[in-house]
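Secondary and tertiary structure notes
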Amino acid sequence: MTTRSLTEFGDVCRRSNADHDLAHLYAAVVSARVAERLGRATRPPGGGLRSNGDRLTTALVAYTTALEGYALPVPPVIRDELRLRRALP
């Protein structure tokens, strides 16, 4: 079994749990945005558009909740997008 030094892993070892959590949650936001855009372009039958919108809203809520939990500011773009999505019927 070989052992690797910390320098071989670069910045991965220096990242905190918050960085990992937020990176994962932001990836979920980006993925949900892509799914919603693709859903709009293809207009699937059966109302798939609403479920993609709900998925994006859920991802945004999780991301903002995590940011607030780590006492980090919520970017205005994320905050505004979430506010608009919550106002939709």
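Let us look at the structure shown here. (Residues numbered from 1 in each chain as written. Predicted model: local features only at pLDDT ≥ 70, side-chain atom pairs only at ≥ 80, totals over all residues. Heavy atoms only, no water.)

**Comments concerning the packing of aromatic side chains**
- Under the definition given, this model contains one aromatic pair.
- Here Tyr26 and Tyr63 contribute two aromatic rings whose centre-to-centre distance is 5.5 Å and whose plane-to-plane angle is 50 degrees, an arrangement assigned as tilted. Placement of the pair is Tyr26 in helix 1 (residues 17-42) and Tyr63 in helix 2 (residues 48-69), with a sequence separation of 37 residues.
- Residue classification places Tyr26 among the partly exposed positions, given a relative accessible area of 37%. (Phe/Tyr/Trp six-rings, centres within 6.5 Å; stacked < 30°, edge-to-face > 60°. Helix = DSSP H or I, 4+ residues; strand = E, 2+ residues; numbered from the N terminus. Buried < 20%, exposed > 50% of the residue type's maximum accessible area, 1.4 Å probe, protein only.)

**Observations concerning the side chain of Glu81**
- One can find Glu81 in helix 3 (residues 76-87).
- Glu81 has contacts with Arg33, Leu56 and Leu60, leaving out every residue within four places of it along the chain. (Contact = heavy atoms within 4.5 Å.)

**Regarding the environment of Leu82**
- On the secondary structure map, Leu82 appears in helix 3.
- Sequence-wise, Leu82 and Thr57 are 25 residues apart; in three dimensions their C-alpha atoms are separated by 6.6 Å.
- Those residues in contact with Leu82, other than ones at most four positions away along the chain, are Thr57, Leu60, Val61 and Thr64.

**As for helix 3**
- Over its twelve residues, helix 3 extends 16 Å from the first C-alpha to the last, a length consistent with the 16 Å expected when each residue adds 1.5 Å.
- Taken together, the buried positions of helix 3 are Ile78, Glu81, Leu82 and Arg85. Axial view of helix 3: buried residues confined to an arc of 100 degrees, hence all on one face. In helix 3, the exposed positions angled more than 90 degrees off the buried face are occupied by Arg83, Leu84 and Ala87. (Expected span 1.5 Å × (residues − 1). Arc of directions from axis to C-beta.)

**Comments concerning the nonpolar core**
- In this structure, Leu22, Val29, Ala32, Leu56, Ala59, Leu60, Tyr63, Ala66, Leu67, Val74, Ile78 and Leu82 together form the largest nonpolar core, which totals twelve residues.
- Elements with a minimum of two residues in this core: helix 1, helix 2 and helix 3.
- At six residues, the largest contribution of residues to this core is made by helix 2.
- What Leu67 contacts, discounting residues up to four positions off in sequence, is Leu22, Leu72, Pro73, Val74 and Pro75. (Core = buried A, V, L, I, M, F, W, Y, C linked by side-chain atoms within 4.5 Å.)

**Thoughts on unusual backbone geometry**
- Within the chain, Ala71 stands out as a residue other than glycine whose phi angle is a positive 60 degrees.
- Relative to the elements of secondary structure, Ala71 occurs in the loop between helix 2 and helix 3.

**A look at a nonpolar patch on the surface**
- Taken together, the side chains of Tyr26, Val30, Val34 and Leu38 define a hydrophobic patch exposed on the protein surface, amounting to about 340 Å² of accessible area.
- Mapping Leu38 onto the fold places it in helix 1. (Patch = residues over 30% accessible without salt bridge, like charges linked within 9 Å, V, L, I, M, F, W, Y side chains within 5 Å. Areas by Shrake-Rupley, 256 points an atom, 1.4 Å probe, with all protein chains shown as cover. Salt bridge = Lys/Arg side-chain N within 4 Å of Asp/Glu carboxyl O.)

**Regarding the pattern of salt bridges**
- Scanning all chains against the criterion turns up five salt bridges.
- Between Asp80 and Arg83 there is a salt bridge, with the nearest N and O atoms lying 3.4 Å from each other. Pair noted here: Asp80 and Arg83 are both in helix 3, with a separation of three residues, about one helical turn.
- Residue classification places Asp80 among the partly exposed residues on the basis of a relative accessible area of 33%.
- The class of Arg83 is exposed, set by a relative accessible area of 52%.
- Salt-bridge contacts for Arg85 lead to Glu81; the nearest nitrogen and oxygen are separated by 3.8 Å. Linking Arg85 with Glu81, this pair stays in helix 3, spanning four residues, or about one helical turn.
- One connected set of salt bridges, linked through shared partners, spans Arg33, Glu36, Glu81 and Arg85.

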